[in-house]
Amino acid sequence: MSAMIALSRFVGNTFAIWVLLFAVLAFLLPSAFLPLTAFIVPLLGLIMFGMGLTLKTEDFREVARHPLRVLIGVLAQFIIMPGMAWLLCQLFALPPEIAVGVILVGCCPGGTASNVITWFAKGDVALSVGITAVTTLLAPIVTPALIWLLASEWLPVSFWAMFSSILQMVLLPIVLGLVAQRLLGERVKLAVDVLPLISVVSIVAIVAAVVAASQAKIAESGLIIMAVVILHNTLGLGLGYLAGLLTGMPLAQRKTLSIEVGMQNSGLGAALASAHFSPLAAVPSALFSVWHNLSGALLATFLRRMKDDKPAD
C-alpha cells in the first residue's frame with residue numbers, strides 16, 4: 001500500500017504534466033478517448049466526493065477566525081473571474097458556444113488544485129481551503145445565477161437546470177463524502193492518501209474526453225480560445241493579488257488570493273458545458289485546466305521566493 005501512496009503523491013506533484021500529455025494525445029487520437037465522454041459527470045462527482053472526505057471542521061475555523069479575509073476572497077472569486085470572462089468575450093467577439101464556455105469556467109468556484117499550489121507558494125493554506133470550501137458550497141446558487149446573468153445574450157441559459165446539475169455534481173457528492181468521513185473515522189485515512197491519484201486520473205479523463213469530442217473545432221479555433229484562456233487566467237492571478245494588496249493583507253494572504261481567484265474548478269465547467277450546451281462550450285474549461293496548472297506551478301515557484309513585508313496574524 002505504501003507504493004500506491006507514493007505513486008499517488010508523485011502523480012499529484014506532476015499533475016500539470018499528465019493533463020498536458022493526455023490533452024495532446026486526445027487531440028491526436030480522438031477516437032481512443034471519445035468513450036470517456038459518458039463518464040464526465042460521474043468523474044466530477046468522484047472528485048467532489050474526495051473533497052468531502054478531506055474537509056475537516058478546522059477548515060471552516062478560518063472562516064470564523066478571519067471572516068473578512070474569506071469574504072474578500074469569495075467576492076473576488078465571484079466578481080473578478082466572471083467579469084473578466086464577459087469582458088474578454090466582448091473584446092474578442094467570440095462565437096456563442098465559445099463565449100458561453102469562457103463565461104462558464106469564469107463563474108465556477110475555486111478548484112482543489114489551488115490549495116496545493118498555495119502550499120507550494122508558501123501562502124496561507126487555511127485561507128485557501130476556507131475560500132475553496134465556501135465558494136464550492138455557494139456554487140449551486142451563485143454559479144447558475146452568474147451564468148444566466150452574463151451568458152444569456154449569447155445562448156439561452158436555464159438557471160434551474162444548472163442549479164439542479166450543480167447540486168447533483170457538487171453538493172451531493174461532498175455531503176456523501178462528509179457522511180462517509182463521519183461514519184468511517186480513521187478508516188477513511190487510507191482513501192485520503194490515494195485521493196491525489198484518483199483526482200488526477202479523473203481530471204485527466206475529463207480533459208481528454210472534452211478535447212477528443214471537440215478535436216475538429218479545437219483545430220479550427222484552438223489558438224483564439226487558448227489566447228483568451230491565458231489572458232483570463234493571467235488577469236485572475238494578477239487581480240486576485242491586487243485585491244489582497246488593496247485590502248491590506250500580508251504577503252501570504254495576497255499569494256492565496258492570487259491563486260484562489262486565478263485557478264477555477266475547470267472540471268465543473270467542462271461537465272456543465274457538456275451537459276447543458278455542447279462539447280465546444282466545454283473546450284475553454286478543458287484548456288483552462290491544462291493552462292492554469294502550468295501557470296499556477298510557475299507562479300508558485302516565483303511567489304515562494306518573495307519575502308514577507310509584514311507579519312501575518
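Looking at an unreviewed UniProt entry, one finds the protein chain named Bile acid:Na+ symporter, BASS family and attributed to Pseudomonas straminea. Note on the protein chain: under the UniProt heading Subcellular location (unreviewed entry), the record states "Membrane".

Let's talk about the overall build of the protein chain
Assigned secondary structure in the protein chain consists of 16 helices and zero strands. Relative to its length of 313 residues, the protein chain is compact, with a C-alpha radius of gyration of 18 Å against a globular reference of 20 Å. In terms of its C-alpha atoms, the protein chain occupies a principal-axis envelope of roughly 50 × 45 × 40 Å. In the protein chain, which comprises 313 residues, the proportion classed as buried is 53%. Approximately 13600 Å² of the protein chain is accessible, and the part contributed by carbon and sulfur atoms is 73%.

Section: the side chain of serine 285
Looking at the element boundaries, serine 285 is found in helix 16 (residues 279-303). Relative accessible area serves as the criterion here: at 1%, serine 285 is assigned to the buried category. A polar contact is formed between the side chain of serine 285 and the backbone nitrogen of alanine 270, at a distance of 3.3 Å. Every residue in contact with serine 285, bar those within four places of it in the chain, is listed here: Gly101, Val105, Ser266, Gly269 and Ala270.

Describing the packing of aromatic side chains
This structure, assessed with the given rule, holds four aromatic pairs. A ring pair is formed by phenylalanine 159 and tryptophan 160, whose centres lie 5.0 Å apart and whose planes are at 85°; its orientation type is edge-to-face. Accessibility expressed as a relative area gives 62% for tryptophan 160, which makes it exposed. Aromatic side chains phenylalanine 159 and phenylalanine 163 sit 6.1 Å apart centroid to centroid with 10° between the ring planes, which places their arrangement in the stacked category. One end of the pair is phenylalanine 159 and the other is phenylalanine 163, both in helix 10 (residues 159-184) and four residues apart, which spans about a single turn.

A short note on the confidence of the model for the protein chain
Model confidence for the protein chain is summarised by a mean pLDDT of 82, while 93% of its residues fall at 70 or above. Per-residue pLDDT, averaged within each element of the protein chain, yields its smallest value for helix 11 (residues 189-193) (68) and its largest for helix 6 (residues 67-92) (93).

Re unusual backbone geometry
Residues other than glycine seldom take positive phi values, yet alanine 93 does so here, at roughly 45°. Among the secondary structure elements, alanine 93 is positioned in the loop between helix 6 and helix 7 (96-106). Under the relative-accessibility criterion, alanine 93 is labelled exposed at 63%. Positive phi, normally seen in glycine, also occurs at lysine 122, with a value near 60°. Relative to the helices and strands, lysine 122 resides in the loop between helix 8 (113-120) and helix 9 (125-151).

A look at a nonpolar patch on the surface
On the surface, a nonpolar cluster with roughly 560 Å² of combined accessible area is contributed by Trp86, Leu87, Leu91, Phe92, Ile224, Leu231 and Leu235. Within the residue set of the nonpolar patch, elements represented by two or more residues are helix 6 and helix 13 (215-246). Here the element with the most residues in the nonpolar patch is helix 6; it accounts for four residues. Of note, leucine 235 is situated in helix 13. Of the residues examined, leucine 235 reaches a relative accessible area of 31% and is grouped as partly exposed.

Things to note about the packing of helix 7 against helix 13
Two elements in contact, helix 7 and helix 13, have axes separated by 11 Å at closest approach and are oriented at 25°. Accordingly, the angle class assigned to the pair helix 7 and helix 13 is roughly parallel. Where helix 7 crosses over helix 13, the two elements pack in a sense that is right-handed. On helix 13, the residues that touch Ile98, Val102, Val105 and Gly106 of helix 7 are Ser221, Ile225, Val228 and His232.

Notes on the UniProt feature "transmembrane region" (unreviewed entry) in the protein chain
The sites that carry the UniProt feature "transmembrane region" (unreviewed entry) are, in the present numbering, residues 7-27, 33-55, 67-93, 99-120, 127-151, 157-178, 190-211 and 223-245. Overall, residues 99-120 shows 73% helix and 0% strand. The separation of its end C-alpha atoms is 32 Å. Its end C-alpha atoms 30 Å apart, residues 127-151 is made of 100% helix and 0% strand.

Digging into helix 4 (residues 40-54)
Over its 15 residues, helix 4 extends 22 Å from the first C-alpha to the last, a length consistent with the 21 Å expected when each residue adds 1.5 Å. Within the sequence span of helix 4, burial applies to Ile40, Leu43, Leu44, Gly45, Ile47, Met48, Gly50, Met51, Gly52 and Leu53.

Let's talk about the environment of glutamine 77
Tracing the chain through its elements places glutamine 77 in helix 6. Glutamine 77 sits 32 residues away from proline 109 along the chain, and the two C-alpha atoms are 7.1 Å apart. Not counting residues within four places of it along the chain, the set of residues in contact with glutamine 77 comprises Pro82, Gly106, Cys108, Pro109, Gly110, Thr135, Glu260, Val261, Met263 and Gln264.

Things to note about the nonpolar core
Core analysis: the largest hydrophobic core is formed by 80 residues, its most contacted members being Ile103, Val207 and Leu268. Among residues more than four places away in sequence, those in contact with isoleucine 103 are Ala85, Trp86, Cys89, Leu150, Ala151 and Trp154. In this structure, Ala113, Ile259, Ala300 and Leu303 belong to the second largest nonpolar core, which totals seven residues.

Conventions we followed
Residue numbers run consecutively from 1 along every chain, following the written order of its sequence. In view of the model being predicted, local features appear only for residues whose pLDDT reaches at least 70, and side-chain atom pairs are presented and counted only at 80 or more, with totals across whole chains, interfaces and linings using the full set of residues. For side-chain calculations, the full set of non-hydrogen atoms in the structure is used, while hydrogens and water are omitted. UniProt positions are given in the numbering used here, feature names are shortened, and annotations may be inferred rather than shown by experiment. Segments assigned H or I by DSSP are reported as helices when at least four residues long, segments assigned E as strands when at least two residues long, and all are numbered from the N terminus. In this description the radius of gyration comes from C-alpha coordinates, and the expected globular size is given by 2.2 Å times residues to the power 0.38. The rule is simple: take the accessible area with a 1.4 Å probe, protein chains only, and divide by the maximum for that residue type; under 20% is buried, over 50% is exposed, in between is partly exposed. Accessible areas in this description were obtained via Shrake-Rupley with a 1.4 Å probe; residue shielding takes into account the shown protein chains only. For the purposes of these results, a polar contact is taken to be a pair of N or O atoms within 3.5 Å, where, inside protein, one atom must be able to donate a hydrogen and its partner to accept one; residues adjacent in sequence count only when each atom of the pair is a side-chain atom. Whether two residues touch is decided by their heavy atoms; if any such pair falls within 4.5 Å, the residues are in contact. Side-chain rings of Phe, Tyr and Trp, where Trp is taken by its six-membered ring, are said to pair if the distance between their centres is within 6.5 Å; with planes under 30 degrees apart they count as stacked, over 60 as edge-to-face, and otherwise as tilted. Confidence of the predictor in every single residue is expressed as pLDDT, which spans 0 to 100. Residues enter a patch when their relative accessible area is above 30% and they make no salt bridge; the linking distance is 9 Å between like charges and 5 Å between nonpolar side chains (Val, Leu, Ile, Met, Phe, Trp, Tyr). By definition, a salt bridge exists where a carboxyl oxygen of Asp or Glu is found within 4 Å of a side-chain nitrogen of Lys or Arg. Fitted lines through C-alpha atoms serve as axes, helices being fitted only where they are in contact, and the angles separating the N-to-C directions of these axes extend from 0 to 180 degrees. Working rule for angles: under 35 degrees goes down as roughly parallel, over 145 as roughly antiparallel, 65 to 115 as roughly perpendicular, anything else as oblique. Handedness of each helix crossing follows the sense of rotation of the near helix against the far helix: counterclockwise by less than a right angle gives left-handed, clockwise gives right-handed. One fewer than the residue count of a helix, multiplied by 1.5 Å, yields its expected span. To qualify as a nonpolar core, a set must consist of buried Ala, Val, Leu, Ile, Met, Phe, Trp, Tyr and Cys residues joined through side-chain atoms within 4.5 Å.

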